[in-house]
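Chain by chain, the residues run as shown.
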Amino acid sequence: MPYRKTPAEVRRLEAARDHLVSCATAVVAEVGWAQASVTAVADAAGIAAGSVYQHFPSKAALAVEVFRRAAGREVDVLGQVLRGDGDPVERLAAGVRVFARRALENRGLAYALLAAPAEPAVGAERLDHRRRYRALFAEVIREGVADGTLPPQDAEITAAALTGAVGEILVAPLGTAGEGDTGALLAELTAMALRCAGADPAAPPPRTTTRHPEGTP
């Protein structure tokens, strides 16, 4: 009869795996995907490099898990804001601001998630998560069209444009060490998003009471 791990052993392995992913995420945020070697991650986790392979069969598998968890948190946060309180235009503006602010608060990891060179497996995950962002934007845009707060349009096309534009606008500030004027950048980015969707960027600013989970982008 094959050996079955006890519940305590399963919990211990899961905790060790979570710790390893957390350490790998910190390493990626600091040095990027290319320099986040198995040895560097193992050193950060305080284990031997060979022990990493007890949890992941390859560096690529570990990198994919890091990306899925980190980017998944951002998809969840954006979804909470875009489906939260306020009319569709308010939620669209709030969603763009929250996404950008979280990225600017942890530039290293955000740059890794959005644009840093990565191996093909991570690139595939990046494309998948872009589709998830696009779907969330399309959902709130369709709501705006339905209630008349946004003009008639193809929500999927506008959402694709928004997803690409927001990411592209953030790449330069995320890739530089200087802080810059974050407030001005957020204001311009939000105005661009509203113009893209056909809303009035000069309208009163959206309510910002939406709470979102703390964490890294």
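Now for a description of the structure that goes with this document. (Residues numbered from 1 in each chain as written. Predicted model: local features only at pLDDT ≥ 70, side-chain atom pairs only at ≥ 80, totals over all residues. Heavy atoms only, no water.)

Concerning the nonpolar core
Moving on, step 1. Counting 32 residues, the largest nonpolar core has Leu92, Val96, Phe137, Ile141, Val166, Leu170 and Leu189 as the members making the most contacts within it.
Moving on, step 2. Looking at this core, the elements that each hand over two or more residues are α4 (59–82), α5 (88–105), α7 (120–147), α8 (155–174) and α9 (182–197).
Moving on, step 3. In terms of residue count, α5 provides more of this core than any other element does, 8 residues in total.
Moving on, step 4. When sequence neighbours within four positions are dropped, the list of residues in contact with Val96 reads Phe137, Val166, Leu189, Thr190 and Ala193.
Moving on, step 5. Core analysis: the second largest hydrophobic core is formed by 25 residues, Cys23, Ala24, Phe56 and Leu113 among them. (Core = buried A, V, L, I, M, F, W, Y, C linked by side-chain atoms within 4.5 Å. Buried < 20%, exposed > 50% of the residue type's maximum accessible area, 1.4 Å probe, protein only. Helix = DSSP H or I, 4+ residues; strand = E, 2+ residues; numbered from the N terminus. Contact = heavy atoms within 4.5 Å.)

Topic: the packing of α8 against α9
Moving on, step 1. Direction vectors running N to C along α8 and α9 enclose 160 degrees, while the axes themselves pass 10 Å from each other. Our classification of the angle between α8 and α9 gives roughly antiparallel. In this structure, the crossing between α8 and α9 has a hand that is right-handed. Residue-level contacts link Thr158, Ala161, Leu162, Ala165, Val166, Ile169, Leu170 and Pro173 of α8 to Leu185, Leu189, Met192, Ala193, Cys196 and Ala197 of α9.
Moving on, step 2. When the residues that make up the contact of α8 with α9 are grouped by side-chain class, the tally is 13 nonpolar, 1 polar and no charged. (Axes fitted to C-alpha atoms, helices over the stretch in contact; angles between N-to-C directions. Parallel < 35°, antiparallel > 145°, perpendicular 65-115°, else oblique. Left-handed = near helix turned anticlockwise from the far one by under 90°. Nonpolar A, V, L, I, M, F, W, Y, C, P; charged D, E, K, R; others polar.)

Regarding the side chain of Arg91
Moving on, step 1. Assignment of secondary structure puts Arg91 in helix α5.
Moving on, step 2. You can call Arg91 buried: its relative accessible area is 7%.
Moving on, step 3. Within the structure, Arg91 has its side chain in polar contact with the backbone oxygen of Leu82 (distance 2.7 Å).
Moving on, step 4. Setting aside residues up to four positions removed in sequence, Arg91 forms contacts with Val81, Leu82, Arg83, Gly84, Asp85, Gly86, Val140 and Glu143. (Polar contact = N/O pair within 3.5 Å; in protein donor to acceptor, adjacent residues only side chain to side chain.)

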